[in-house]
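As a plain string of letters, each chain reads:
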4 protein chains.
Amino acid sequence: MPSSLKKIRIGVIGTSEPDARLYRIAEEVGREIARRDGVLICGGLGGVMEAAAKGAQQKGGLTIGILPTEDTSLANPYIDIPIATGIGEARNIIIVRSAEALIAIGKGFGTLSEISFALKMKKPLVGIETWDVSSQILSADKPSEAVEKAIKLAEEAK
Amino acid sequence: MPSSLKKIRIGVIGTSEPDARLYRIAEEVGREIARRDGVLICGGLGGVMEAAAKGAQQKGGLTIGILPTEDTSLANPYIDIPIATGIGEARNIIIVRSAEALIAIGKGFGTLSEISFALKMKKPLVGIETWDVSSQILSADKPSEAVEKAIKLAEEAK
Amino acid sequence: MPSSLKKIRIGVIGTSEPDARLYRIAEEVGREIARRDGVLICGGLGGVMEAAAKGAQQKGGLTIGILPTEDTSLANPYIDIPIATGIGEARNIIIVRSAEALIAIGKGFGTLSEISFALKMKKPLVGIETWDVSSQILSADKPSEAVEKAIKLAEEAK
Amino acid sequence: MPSSLKKIRIGVIGTSEPDARLYRIAEEVGREIARRDGVLICGGLGGVMEAAAKGAQQKGGLTIGILPTEDTSLANPYIDIPIATGIGEARNIIIVRSAEALIAIGKGFGTLSEISFALKMKKPLVGIETWDVSSQILSADKPSEAVEKAIKLAEEAK
């Protein structure tokens, strides 16, 4: 039986242009997801998406990149399974639908669209220094806390 | 030559569950768009979408509904041209892409996703009692003011 | 009441690289749709899509272009209402879903994908020199015959 | 480094209502993909999709299901990573884009749409008892032959 079977899928959403500190936070979030045996789902491109995938791969986790592009050539090098949607930014909603819980890192308008969809679907959502648009978003100060909360919420929602 | 040719396309986005006051505001926004010879683009369903289409039709305007559904049966009765996308809420981005300027009315998470996409694409965006997430959103107090600003911005962006 | 209200929506699908003869056929199909008071829905780009839109506009018909692109700049000049989906070739299915009957002209792989979706949804489908993959496709020799059949089938399916 | 890294992604497309013989063929195709260390990408639902995923899982392969639905509840039980696109049949093109080569099994209109997209994108495509619409489709008599050809073509296309 493949090791990924029944693993919890955690989505990490965030800006493609984080500062160095947020990049490191995203990397640690990725590592924490892999340490807790989760599968990472992200947008597959740069910035927060790359950092989280890099961290997850370092700890042996599986990384899925839901790309906006028509082919997989723009996937960051830490994506194991690139999904080339070819539907542009509309792919944001696929990330949200496919993850069992989401962690938003930083502020960007793409991230805000993903947060909106997550709120609409009532998906478990944890935020680190992100948009403060709803009390449904649980805030976390540290990567380990964010991942712990996300996994707990995802398990409760099953 | 069809009368719609070269007409400005104004998108109206907003919650499917507005209160009576916001419904009337959306209706008047629709009327104003038609009075100024614009084409209305909306999500095709109920609430703000219905009110705006109703108002636009009253004044002889053309109404386009970009539906999330696989067929057109759920379009509100004031939609002239229903587009059945079948892609669910991912259709929100198509409304934003297809309009030359947008007017957001009220607060809803679907509306917030559309605002996010509009901000990301730097589309002209006017808000009436909506999410206050960026200074790029021009606020308007009255329907006529909102439509006037939206059309002006759309023409400048051409 | 807008003149487009309750008009039948006829989709015209076909290759972006028709020869001169097929281009003229598509143009005449567009004219016939407008003469019979239908609204034309097409993919908004060149070739058969352009020819059909050109013909429909000549006779005062309304033309809708469901574009694969993120903006409307690539729409052919005969499109009244460009819908910028930004979802690439996935937009083919939106053309099929939004039309009440379809006319396929010529052979192309994009056209074949649209025919496939139409067959799957059991949409009325008339073909002129197109893929012969199902007896559900009614063949027509002339533009007027194709449009007459398409409109008749669309009305019966209501 | 995760075992999936750099693995070839083979898409299996086919009807959701195969007869018993085609179901067994699809199962063997799945097993062959896993034996040759490929990742299976499919539509995530029943019939050929289920059979291929079942076979791949039996041999320890990773299985990705690109679902049309808004949530993952309809995924067949052999899918490791369900991607809930929520975009309906438009997801067919995502399967094609994400796979490096495709194997089509049997005839269905959904399958024909996927074949059309694969031909348009010039993706390597092997068919078993499927639509005969282009000489670009390599035919194969046996599952092992189909998978061998698909992997060879995918490697050549890199």
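Relevant structure appears above.
Summarised in this report is the structure supplied together with it. From a predicted model like this one, the values you see are computed outputs, not experimental measurements.

Definitions and cut-offs
- Residues numbered from 1 in each chain as written.
- Chains lettered and ligands numbered in written order.
- Predicted model: local features only at pLDDT ≥ 70, side-chain atom pairs only at ≥ 80, totals over all residues.
- Heavy atoms only, no water.
- Contact = heavy atoms within 4.5 Å.
- Buried area = accessible area lost by both parts, 1.4 Å probe.
- Salt bridge = Lys/Arg side-chain N within 4 Å of Asp/Glu carboxyl O.
- Polar contact = N/O pair within 3.5 Å; in protein donor to acceptor, adjacent residues only side chain to side chain.
- Helix = DSSP H or I, 4+ residues; strand = E, 2+ residues; numbered from the N terminus.
- Nonpolar A, V, L, I, M, F, W, Y, C, P; charged D, E, K, R; others polar.
- Axes fitted to C-alpha atoms, helices over the stretch in contact; angles between N-to-C directions.
- Parallel < 35°, antiparallel > 145°, perpendicular 65-115°, else oblique.
- Buried < 20%, exposed > 50% of the residue type's maximum accessible area, 1.4 Å probe, protein only.
- Expected span 1.5 Å × (residues − 1).
- Pairing = 2+ DSSP bridges.
- Right-handed = clockwise from strand over helix to strand, strands pointing away.
- Least-squares fit on C-alpha atoms with pLDDT ≥ 70 in both.

### Topic: the interface of chain D and chain A
Interface size is commonly expressed as the accessible surface area that is lost when the partners come together.
Next, step 1: Taken together, the contact pairs 23 residues of chain D with 23 residues of chain A.
Next, step 2: Buried area between chain D and chain A, summed over both chains or domains, comes out near 2200 Å², and the portion from carbon and sulfur atoms is 62%.
Next, step 3: With a shortest N-O distance of 3.7 Å, D:Glu70 and A:Arg97 are connected by a salt bridge.
Next, step 4: Here chain D is connected to chain A by 2 residue pairs in polar contact (both at pLDDT 80 or more).
Next, step 5: Those elements that provide at least two residues to the side of chain D that touches chain A are strand E3 (63–67), strand E4 (81–84) and helix H3 (92–98) of chain D.
Next, step 6: Ranked by the residues each element gives to the side of chain D that touches chain A, the list is headed by E4(D), at 4 residues.
Next, step 7: Within the side of chain D that touches chain A, the residues separate by chemical class into 12 nonpolar, 7 polar and 4 charged.

### Digging into the packing of helix H4 (residues 109–120) of chain A against helix H4 (residues 109–121) of chain B
Next, step 1: It is the contact of H4(A) with H4(B), at a shortest axis distance of 8 Å, that shows an interaxial angle of 170°. Compared by their axis directions, H4(A) and H4(B) come out roughly antiparallel. Two secondary-structure elements touch here, H4(A) through A:Phe109, A:Gly110, A:Leu112, A:Ser113, A:Ser116, A:Phe117, A:Leu119 and A:Lys120 and H4(B) through B:Phe109, B:Gly110, B:Leu112, B:Ser113, B:Ser116, B:Phe117, B:Leu119 and B:Lys120.
Next, step 2: Residues that form the contact of H4(A) with H4(B) fall into these classes: 8 nonpolar, 6 polar and 2 charged.

### With respect to the interface of chain C and chain A
Next, step 1: Contact residues are listed per partner, giving 5 residues for chain C and 5 residues for chain A.
Next, step 2: Here chain C and chain A share 0 residue pairs in polar contact (both at pLDDT 80 or more) between them.
Next, step 3: The class makeup of the residues in the side of chain C that touches chain A is 2 nonpolar, 2 polar and 1 charged.

### Things to note about the environment of C:Gly11
Residue and element names in this part refer to chain C.
Next, step 1: Along the chain, glycine 11 turns up in strand E1 (residues 9–14).
Next, step 2: Sequence separation between glycine 11 and alanine 101 is 90 residues; the distance between their C-alpha atoms is 6.2 Å.
Next, step 3: What glycine 11 contacts, discounting residues up to four positions off in sequence, is Ile41, Ala99, Ala101, Leu102 and Ile103.

### Section: unusual backbone geometry
All names here are of chain A.
Next, step 1: Even without glycine at this site, glutamate 129 takes up a positive phi of about 50°.
Next, step 2: In this structure, glutamate 129 sits in the loop between strand E6 (125–128) and strand E7 (138–139).
Next, step 3: Glutamate 129 sits in the partly exposed class, given a relative accessible area of 42%.

### Some thoughts on helix H1 (residues 20–35) of chain C
Residues and elements named next belong to chain C.
Next, step 1: In a regular helix each residue adds 1.5 Å, so 16 residues correspond to 22 Å; H1 covers 23 Å between its end C-alpha atoms and thus fits that length.
Next, step 2: Among the residues of H1, Leu22, Tyr23, Ile25, Ala26, Glu27, Val29, Gly30, Arg31, Glu32, Ile33 and Ala34 are the ones counted as buried.
Next, step 3: On its buried face, H1 sits against E1, strand E2 (39–42), helix H2 (48–58), strand E5 (101–105), strand E6 (125–128) and helix H5 (143–157).
Next, step 4: Just past H1, the residue aspartate 37 takes up positive phi, approximately 70°.

### Let's talk about the pairing of E5(C)
Residue and element names in this part refer to chain C.
Next, step 1: Within E5, 5 of the 5 residues are buried, leaving the element largely enclosed by the surrounding structure.
Next, step 2: Relative to E5, E1 is paired through 5 bridges, and the arrangement is parallel. Residue pairing in the sheet places glycine 14 in a bridge with isoleucine 105 of E5.
Next, step 3: Alignment of E5 against E6, held across 4 bridges, turns out to be parallel. Looking at the pairing, leucine 102 lines up with leucine 125 of E6.
Next, step 4: Note that the unit made of E5, helix H4 (residues 109–120) and E6 has a crossover that is right-handed.

### Re the relation of the copies chain D and chain A
Next, step 1: Relative to chain A, chain D is turned by 180° and slid 0.0 Å along the rotation axis, the superposed coordinates differing by an RMSD of 0.0 Å. The transformation just described matches what one would write down for a two-fold rotation axis.
Next, step 2: Here 100% of the interface residues in chain D have copies in chain A that are interface residues too; the copies meet face to matching face.

### Some points on the sheet that holds strand E1 (residues 9–14) of chain B
Residues and elements named next belong to chain B.
Next, step 1: Across the sheet, which stays open at both edges, the 7 strands sit in the order E4-E3-E2-E1-E5-E6-E7 with parallel pairing between neighbours. Each edge of the open sheet is held by one strand with a lone partner, namely strand E4 (81–84) and strand E7 (138–139).
Next, step 2: Two elements, E1 and strand E2 (residues 39–42), share 3 bridges in a ladder whose sense is parallel. Bridge assignment links isoleucine 10 to a residue of E2, and that residue is leucine 40.
Next, step 3: Where helix H1 (residues 20–35) meets the sheet, it contacts E1, E2, strand E5 (101–105) and strand E6 (125–128), and its direction lies at approximately 160° from that of E5.
Next, step 4: In this fold H4 packs onto E1, E5 and E6, with an angle of close to 140° to the strand it touches most, E1.

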